[in-house]
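Each chain, letter by letter, is given below.
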Amino acid sequence: MRKEPLAFIVILFIFNSCFNCDIYLNTKIKPISIKGIVVSKDEINCFGEIILKEGFYMDTLRDVCSCTPSNQRLWDYVLPNDSLNKKAGSLIVTVIRDGQPTKEFNYPCCNQ
């Protein structure tokens, strides 16, 4: 019995089951807009949640990666009362403090 086909199938499965940041960002994050005031944030390991408020509505950004390179350090920088803005079709998040644009970050992603 030849083991090559089985090995090929196992390798193919491993590559297809790995988390892919590009696919995640382009399908789940890029299409949405984000706008609101940071109420709080909570972190477990390399993943966190940022609670946002816009008007009377609350929303949660889940699985925000906190273990990232410097151009994706959104987690480290953002504080309660900061405003977050991200346009649909973009991966750039703008953090505004005291009414002035202060920093722009690439939306963070961790290989899970």
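Above this text is the structure in question.
The shown structure was predicted, so the numbers you read here are calculated from the model rather than taken from an experiment.

Calculation criteria
Residues numbered from 1 in each chain as written. Predicted model: local features only at pLDDT ≥ 70, side-chain atom pairs only at ≥ 80, totals over all residues. Heavy atoms only, no water. Helix = DSSP H or I, 4+ residues; strand = E, 2+ residues; numbered from the N terminus. Contact = heavy atoms within 4.5 Å. Areas by Shrake-Rupley, 256 points an atom, 1.4 Å probe, with all protein chains shown as cover. Disulfide = S-S within 2.5 Å. Core = buried A, V, L, I, M, F, W, Y, C linked by side-chain atoms within 4.5 Å. Buried < 20%, exposed > 50% of the residue type's maximum accessible area, 1.4 Å probe, protein only. Pairing = 2+ DSSP bridges. Axes fitted to C-alpha atoms, helices over the stretch in contact; angles between N-to-C directions. Phe/Tyr/Trp six-rings, centres within 6.5 Å; stacked < 30°, edge-to-face > 60°. Lys NZ or Arg CZ within 6 Å of the ring centre and 35° of its normal. Salt bridge = Lys/Arg side-chain N within 4 Å of Asp/Glu carboxyl O.

Chemist: Please clarify how the overall build of the protein should be interpreted in this entry.
Modeler: A tally of regular secondary structure across the protein gives three helices and six strands. For the protein, the share of sequence-separated contacts (at least 6 apart) that also reach a separation of at least 24 residues comes to 48%. Here the protein has roughly 7800 Å² of accessible surface; of this, 58% comes from carbon and sulfur atoms.

Chemist: Where do I start with the state of the cysteines in this structure?
Modeler: Two cysteines whose sulfur atoms are joined by a covalent bond form what is called a disulfide. All chains considered together, the criterion is met by three disulfides. Here Cys21 engages in a disulfide with Cys109; their sulfurs sit 2.3 Å apart. On the sign convention where negative is left-handed, the bridge of Cys21 and Cys109, at about -95 degrees about the S-S bond, is left-handed. In this pair, Cys21 is assigned in helix H2 (residues 21-29) and Cys109 in the segment after strand E6 (100-106), connecting sequence segments 88 residues apart.

Chemist: What am I meant to see in the nonpolar core here?
Modeler: The nonpolar side chains of a soluble globular protein tend to be buried with one another. Judged by nonpolar contacts, the single largest core of 18 residues is most densely connected at Ile50, Leu52, Leu61, Leu74, Leu84 and Tyr107. Of all elements in the fold, only H2, strand E1 (34-44), strand E2 (47-54), strand E3 (57-65), helix H3 (74-77) and strand E5 (92-97) reach the threshold of two or more residues within this core. Counting residues per element, this core draws most heavily on H2, which supplies three residues. Ignoring anything within four residues of it in the chain, the contact list for Leu74 reads Leu84, Val93, Val95, Phe105 and Pro108.

Chemist: Would you take a moment to explain the sheet that holds E5 for this structure?
Modeler: Think of a sheet as strands paired side by side through backbone hydrogen bonds, with each pair either parallel or antiparallel. Pairing within the open sheet is antiparallel, and its six strands lie in the order E3-E2-E1-E4-E5-E6. Bordering the open sheet on either side are E3 and E6, each of which pairs with just one other strand. Between one strand axis and the next, the sheet turns by 35 degrees as a mean value, whatever way the strands run. Direction of pairing for E5 relative to E6: antiparallel, over a ladder of six bridges. Within E6, the residue paired with Ile96 across the bridge is Pro101.

Chemist: Would you take a moment to explain the packing of aromatic side chains for this structure?
Modeler: The relative placement of two aromatic rings is captured by the distance of their centres and the angle of their planes. On inspection of all chains with the given rule, the structure shows one aromatic pair. With 5.5 Å between their ring centres and 45 degrees between their planes, Tyr77 and Phe105 make a pair best called tilted. Placement of the pair is Tyr77 in helix H3 and Phe105 in strand E6, with a sequence separation of 28 residues. In this structure, Arg97 packs its charged tip against the face of Tyr77, placed 4.0 Å from the ring centre.

Chemist: What exactly am I supposed to notice about the pattern of salt bridges here?
Modeler: Pairs can form between side chains of opposite charge whenever their charged atoms are close. Under the counting rule described, the total for this entry stands at three salt bridges. Of the charged contacts, one joins Arg62 and Glu49 as a salt bridge, the two residues approaching to 2.9 Å between their closest N and O atoms. Residue Arg62 is found in strand E3, and its partner Glu49 is found in strand E2; the two are separated by 13 residues along the sequence. By relative accessible area, Glu49 is classed as partly exposed at 30%.

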